[in-house]
Amino acid sequence: MMRRLNRKKALHLVQELDGFPKVPQSYVETTASGGTVSLIAFTTMAVLAILEFFVYQHTWMKYEYEVDKDFSSKLRLNIDITVAMRCQYIGADVLDLAETMVAASDDLTYEPVNFDLSPLQRIWQRTLLHIQSRLREEHSLQDVLFKSVFKGAPTSLPPREDNPSQPPNACRIHGHLYVNKVAGNFHITVGKAIPHPRGHAHLAALISHDTYNFSHRVDHLSFGEEIPGIINPLDGTEKISIEHNHMFQYFITIVPTKLKTYKISADTHQFSVTEQERVINHVTGSHGVSGIFMKYDISSLMVTVTEQHMPFWQFLVRLCGIIGGIFSTTGMVHGLVGFLVDIVCCRFKLGTYKPKDVSLLDGHVNNHTALITENNKH
């Protein structure tokens, strides 16, 4: 008996905690205005729920910075440059601050080609330069590139269509090198490199100055792991030399980058470039060596770029907030509008206080309100 009473008390306590009281159907009155507001509310809920689902599918890039502690590994240098000189006249190599020379002739390929591009290649270059200009204006496009890259994407120059009937007038230098992770200088100049104890030199005494032409096109230049789909700052750059003795300089700052997206995970490097060019003329005081010089330096900071996604629980919370907020807001607005309408109309119903016509003795109809109502008649 006591157990049954305890059960009833517990059940009664639970019923008291019910936050959703049940209203009898006979007490509920439906109106056309309420139905209209409900229809608008449900439509708004559906539209916002769909938009919220698109927001849930969207991802964004998160950037984190830390000190790069990896100073013993090698840095990979990826190169694809076409110079408007014959391959036997030029040489490429790297000299870093540790006085370590890397002979590019051992690891790079010198391929005789024609400097002019085919129509298909020219379209590719113009498209690439257009993307480069947009990247300088809208930096958020870089996030789009990070999220859209995937291995095997064809982003390099289309296959060359050299005409065998025309002799090649340029040299394509392409491949990759492994250099020390310190500041260095990759350069292409006249003559092959000759190492010696104090550094290195290029054997250019037997080459005529009239053959100098350092017009060049950078089809690709990157550092670290090569990721198809990533567009680097110098890709597609083309420089035309106006004089035989011309120096082109590129000052590059490299930032180690770890890329972690839903499509790819790689260790690469971003970099920024400052360009400078001048004509070598010792008479006017412009001294130097003709050629293409890419001086690079490595930042001590490392950037980790991670693709982020909204958690599923956060999506549910936002969805519940949308549905509950619209439902409550439309209910309050409907009640407030109904209250204002009742005030304006003074709760009068049509015909309740309508004046009645009273007939006079002379047979005419008096249109004014009678001073004596029927209730006062006996």
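Preceding this section is the structure that the text describes.
Residues numbered from 1 in each chain as written. Predicted model: local features only at pLDDT ≥ 70, side-chain atom pairs only at ≥ 80, totals over all residues. Heavy atoms only, no water.

A.B. asks: How should the overall build of the protein be read in this particular structure?
C.D. replies: Within the protein, the regular secondary structure consists of six helices and 17 strands. Residue burial in the protein is summarised as follows: out of 378 residues, 33% are buried. At a minimum sequence separation of 6, the contacts of the protein that also span at least 24 residues come to 80%. Looking at the protein as shown, the accessible area adds up to about 25,000 Å², and 60% of this sits on carbon and sulfur atoms. (Helix = DSSP H or I, 4+ residues; strand = E, 2+ residues; numbered from the N terminus. Buried < 20%, exposed > 50% of the residue type's maximum accessible area, 1.4 Å probe, protein only. Contact = heavy atoms within 4.5 Å. Areas by Shrake-Rupley, 256 points an atom, 1.4 Å probe, with all protein chains shown as cover.)

A.B. asks: Which parts of the structure should I look at to understand the pattern of salt bridges?
C.D. replies: Note that side chains of opposite charge can pair when their charged atoms are close. Evaluated as defined, the whole model comprises 10 salt bridges. Put simply, Asp 80 and Arg 172 hold a salt bridge, and the shortest N to O gap is 3.0 Å. Within this pair, whereas Asp 80 is found in strand β2 (residues 74-83), its partner Arg 172 is found in strand β6 (residues 170-180), the two being separated by 92 residues in sequence. Each member of the pair, Asp 80 together with Arg 172, is buried. Each of Arg 122, Arg 217, Asp 219 and Glu 238 takes part in a single network of salt bridges with overlapping partners. (Salt bridge = Lys/Arg side-chain N within 4 Å of Asp/Glu carboxyl O.)

A.B. asks: What exactly am I supposed to notice about the packing of aromatic side chains here?
C.D. replies: Describing an aromatic ring pair means giving the distance of the ring centres and the angle of the ring planes. Within this structure, the stated rule accounts for eight aromatic pairs. Between Tyr 56 and Phe 312, the ring centres sit 6.2 Å apart and the planes meet at 70 degrees, which makes this aromatic pair edge-to-face. With Tyr 56 in helix α2 (residues 32-57) and Phe 312 in helix α6 (residues 312-345), this pair connects stretches of sequence that are 256 residues apart. Note on Phe 223 and Tyr 296: the rings are 5.9 Å apart at their centroids and 50 degrees apart in plane angle, and the pair reads as tilted. Of this pair, Phe 223 sits in strand β10 (residues 216-224) while Tyr 296 sits in strand β14 (residues 291-298), and the two are 73 residues apart along the sequence. Each member of the pair, Phe 223 as well as Tyr 296, is classed as buried. An aromatic cluster is defined as three or more aromatic residues linked by ring pairs; in this entry it consists of Phe 53, Phe 54, Tyr 56, Phe 312 and Phe 315. It is Arg 217 that lies over the ring of Phe 115; its NZ or CZ is 5.0 Å from the centre. (Phe/Tyr/Trp six-rings, centres within 6.5 Å; stacked < 30°, edge-to-face > 60°. Lys NZ or Arg CZ within 6 Å of the ring centre and 35° of its normal.)

A.B. asks: In this structure, what is going on with the state of the cysteines? I would like to understand it.
C.D. replies: Should the sulfur atoms of two cysteines be covalently bonded, the bond is a disulfide. Overall, the coordinates contain one disulfide when judged by the stated rule. Residue Cys 87 pairs covalently with Cys 171 via a disulfide, S to S 2.2 Å. Looking down the S-S bond of the Cys 87 and Cys 171 bridge, the torsion is 105 degrees, so its handedness is right-handed. Residue Cys 87 is found in the loop between β2 and β3 (90-96), and its partner Cys 171 is found in strand β6; the two are separated by 84 residues along the sequence. Neither residue differs from the other here; Cys 87 and Cys 171 are each classed as buried. (Disulfide = S-S within 2.5 Å.)

A.B. asks: How should the environment of Gln 249 be read in this particular structure?
C.D. replies: Within the secondary structure layout, Gln 249 lies in strand β12 (residues 246-260). Between the C-alpha atom of Gln 249 and that of Met 294, which follows or precedes it by 45 residues, the distance is 5.9 Å. Ignoring sequence-local partners within four residues, the contact set of Gln 249 consists of Thr 274, Glu 275, Gln 276, Phe 293 and Lys 295.

A.B. asks: I would appreciate a short explanation of a nonpolar patch on the surface in the present structure.
C.D. replies: Together, Val 47, Leu 48, Ile 50, Leu 51, Phe 53 and Phe 54 line one region of the surface with nonpolar side chains, adding up to about 540 Å² of accessible area. Note on placement: Val 47 falls in helix α2. On the basis of relative accessibility, which here comes to 44%, the residue Val 47 falls in the partly exposed class. (Patch = residues over 30% accessible without salt bridge, like charges linked within 9 Å, V, L, I, M, F, W, Y side chains within 5 Å.)

A.B. asks: Explanation requested: the side chain of Gln 125 in the structure shown.
C.D. replies: Looking at the element boundaries, Gln 125 is found in helix α4 (residues 119-137). On the basis of relative accessibility, which here comes to 3%, the residue Gln 125 falls in the buried class. Those residues within four positions of Gln 125 in sequence are excluded, and the remaining contacts are Leu 117, Arg 217, Gly 236 and Glu 238.

A.B. asks: Help me understand α6 in this model?
C.D. replies: Since there are 3.6 residues in each turn of an α-helix, residues three or four apart along the chain are aligned in direction. Taking 1.5 Å per residue as the helical rise, α6 with its 34 residues ought to reach 50 Å, and the 50 Å between its terminal C-alpha atoms agrees with that figure. Taken as a whole, α6 has its buried residues at Phe 315, Ile 322 and Ile 326. (Expected span 1.5 Å × (residues − 1).)

A.B. asks: Before we go on, may I ask you to explain the nonpolar core in this structure?
C.D. replies: Nonpolar side chains in soluble globular proteins tend to end up buried together. Grouped together as the largest cluster of nonpolar side chains are 34 residues, with contacts concentrated most on Phe 186, Ile 188, Ile 252 and Met 294. Looking at this core, the elements with two or more residues in it are β2, β3, β6, β7 (184-190), β10, β12 and β14. Considering every element that reaches this core, the biggest residue donor is β2, with five residues. If we ignore the near neighbours within four places in the chain, the residues touching Phe 186 are Leu 77, Ile 79, Ile 81, Ala 92, Asp 93, Val 94, Leu 108, Leu 177, Ile 292, Phe 293, Met 294 and Tyr 296. The next biggest cluster of nonpolar side chains, apart from the first, holds nine residues, and it includes Phe 146, Ile 227, Ile 230 and Ala 266. (Core = buried A, V, L, I, M, F, W, Y, C linked by side-chain atoms within 4.5 Å.)

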